[in-house]
Amino acid sequence: MEERMQWFVVNVHTGCEDKVARGLREQIDKRRLNALFGEILVPTREVTEVKAGKRVKTEKKFFPGYIVVQMVMNNETFTLVRQIPQVVMFLGARQKPIAVSEEEARRLLKQVEEGAVATDDIEYEVGQEVHVIDGPFSGFNGIASDVDNVKQKMTVTVLVFGRETSMELEFSQVERV
């Protein structure tokens, strides 16, 4: 029976995703195990954030602290991945990693290709309470008084020193309460 490649999720130290992926590729090449490994993904998406009043494009990880590895699971490949510095464990039971279904893997690959994640499809409604997470009013809660789901912008009214203050914010600057 020929072993087939499956997708596995590997928990790594947060912030070390790229370093682990690079180290894993190096070890695979060094040990000539390329036939047992496919893609190694650090799923990211490009987001536009507002920092210090300026729009900045940055890459955000879909799943901080995780990488996705396509591989044939056997003792040799399992041990290789586990021995990479900053690898915590495979998703699943301690010695029995659980493969991601083909359907889930295809969905993840599609998100990586499109550079978007499903949670970006959030729509807001007028009257909805939101929490401001970026900008000078970060930490305030407010009410959406005008919403443009196409442009992903809204006008939010917050209470500052007992006075209502309206501001236009992008969806990336707020979250649902």
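The preceding data block contains the structure.
Residues numbered from 1 in each chain as written. Predicted model: local features only at pLDDT ≥ 70, side-chain atom pairs only at ≥ 80, totals over all residues. Heavy atoms only, no water.

Caption draft 1: The arrangement of the sheet that holds strand S10 (residues 141-148) in detail. With respect to topology, five strands assemble into an open sheet ordered S12-S11-S10-S9-S13, the strand pairing being antiparallel. Looking along the sheet, the strands with just one partner apiece sit at the ends: strand S12 (163-170) and strand S13 (174-176). Neighbour to neighbour, the strand axes of the sheet diverge by 40° on average, direction disregarded. Relative to S12, strand S11 (residues 153-160) runs antiparallel, the two being bridged by eight bridges. The residue of S12 that forms the bridge with Leu159 is Glu164. (Pairing = 2+ DSSP bridges. Helix = DSSP H or I, 4+ residues; strand = E, 2+ residues; numbered from the N terminus. Axes fitted to C-alpha atoms, helices over the stretch in contact; angles between N-to-C directions.)

Caption draft 2: Just the pairing of S11, in detail. Within S11, six of the eight residues are buried, which leaves it mostly tucked inside the rest of the structure. Across six bridges, the pairing between S10 and S11 is antiparallel. Among the inter-strand pairings, Asp148 is bridged to a residue of S11, identified as Lys153. In textbook terms, the turn of a hairpin is the stretch between consecutive antiparallel strands, and for S10 and S11 this stretch comprises four residues, one of which, Gln152, has a positive phi near 55°. (Buried < 20%, exposed > 50% of the residue type's maximum accessible area, 1.4 Å probe, protein only.)

Caption draft 3: Region of interest: the nonpolar core. Grouped together as the largest cluster of nonpolar side chains are 23 residues, with contacts concentrated most on Val10, Leu24, Phe37, Ile67 and Val69. Secondary structure elements with two or more residues in this core: strand S1 (6-12), helix H1 (17-30), strand S2 (37-41), strand S5 (66-71), helix H2 (75-82) and strand S6 (87-90). In terms of residue count, H1 provides more of this core than any other element does, four residues in total. Excluding anything up to four places from it in sequence, Leu24 contacts Ile40, Val69, Leu80, Val81 and Ile84. Counting 13 residues, the second largest nonpolar core, distinct from the first, contains Tyr124, Val130, Val147 and Leu169. (Core = buried A, V, L, I, M, F, W, Y, C linked by side-chain atoms within 4.5 Å. Contact = heavy atoms within 4.5 Å.)

That's the geometry; what it means functionally is another story.
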